[in-house]
Amino acid sequence: MEIHREASFPQDVELLGVLESLIGKGSNELYIAKKFSDSPVTTEIRPPQTALQKLDQAMILRALSTSLSGVLTFRTATHREISQAGLSAQLKNFTPQDIATIVNANLDQDKWDEGQPHPEYHFDNNKLLAGKVYVDSQYALIRATSNPQEALEAFGKILHAQQDFYAHTNFVELYRDYFHQHSGHYPLPREIPLYQDALKNPQLRTILQTQLKSGEFSRAEFILKDLFHLNHDPNSHEMMNKDGPGRPLYPEAKDLAERQTGKEIEKFLKTIRKNFRIKSFFEKNPATDG
Ligand SMILES: [Zn+2]
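On a predicted model such as this, the values are computed, not experimentally measured, just so you know. (Residues numbered from 1 in each chain as written. Predicted model: local features only at pLDDT ≥ 70, side-chain atom pairs only at ≥ 80, totals over all residues.)

Looking at the overall build of the protein chain
If you tally the helices and strands in the protein chain, you get 13 helices and zero strands. Listed N to C, the secondary structure of the protein chain is α-α-α-α-α-α-α-α-α-α-α-α-α in terms of helices and strands. Here the protein chain holds 290 residues, and 33% of them are scored as buried. Pairs at least 24 residues apart make up 68% of the contacts formed inside the protein chain by residues separated by at least 6 positions. (Helix = DSSP H or I, 4+ residues; strand = E, 2+ residues; numbered from the N terminus. Buried ≥ 20, exposed ≤ 12 C-beta atoms within 10 Å, placed from the backbone. Contact = placed C-beta atoms within 7 Å.)

Concerning the nonpolar core
In this structure, Ile102, Ala151, Phe155, Tyr166 and Ala253 are the most contacted members of the largest nonpolar core, which totals 35 residues. For this core, the elements supplying multiple residues, two or more each, are α3 (57-90), α4 (96-108), α5 (128-144), α6 (148-168), α7 (171-183), α12 (250-273) and α13 (276-282). Looking at this core, the element that brings in the most residues is α6, giving 10 residues. (Core = buried A, V, L, I, M, F, W, Y, C linked by C-beta atoms within 7 Å.)

Looking at the confidence of the model for the protein chain
On average, the protein chain scores 79 in pLDDT, and the residues at 70 or more come to 72%. Under a pLDDT of 50 for its full length, residues 51-55 has, in the predicted model, three contacts with residues more than four places off or in other chains. Ignoring residues within four places in sequence, the model shows residues 286-290, a span with pLDDT below 50, making 10 contacts including any to other chains. (pLDDT = per-residue confidence, 0-100.)

As for unusual backbone geometry
Phi at His229 takes a positive value of approximately 55°, unusual for a residue other than glycine. As for its placement among the helices and strands, His229 is situated in the loop between α10 (219-224) and α11 (237-240). You can call His229 exposed: it has 9 C-beta atoms within 10 Å. In the Ramachandran plot, Leu249 falls in the positive-phi region, its phi being about 65° despite a non-glycine side chain. Of note, Leu249 is situated in the loop between α11 and α12.

Here is the structure:
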């Protein structure tokens, strides 16, 4: 089976390979079942009947290969742009290599076989508490590690999750509705408070505690529906995400993610100052300051 390899990013090529193997075998669930079950999956097992099955496999693969780089690069570009700008501005005395380590660890979270299967890394699938626990665990690692590289990578993972929070949850929608009810108009992107600040308003806090949710992402649905824009479930990641410029409320999510990144950088600098094992590594340039 031939796939058009026009992808410009290494992870697109990698993802195409995964998709090639998935479609060859059947649905994603079957792939997972095969990976983890003791009993071998027979070749007779096929994914549930869908309209897509009527399409020629080659046609599906052609569609995947052309739409994939768009789907992934928008998201990748946004994470990269937000992180790089904030890091370069606030971590002036970190080496370009340090910054690249952070940015790459951020982007790796979306790799199909690495960070991608973990919904808590992206605040997907309503894993809101698990996402917070994950972020806290990475800060705990930064506070305790004796390896500066590990600290930089943990911070990249934190940035990814915190940026995804605004793109994958309904936080923006909930705040806009709240604002509209009180003022009769909708807020500008920069008028929307960060999540932690919104919680300080008791009324908003109640709304967030009871109505905050995130989209459901499934690898099988992504391949069979999302890529063809056939997923219309309002609770799906496909319908809720603000991952790219083509999505509603993307400017709001991006503005929030940029400001959140600034806050996380301040917290990162504070955290490494408290870790005597790595503090001196990051103080190689005495002017480094947050
Ligand atoms: Zn993500």
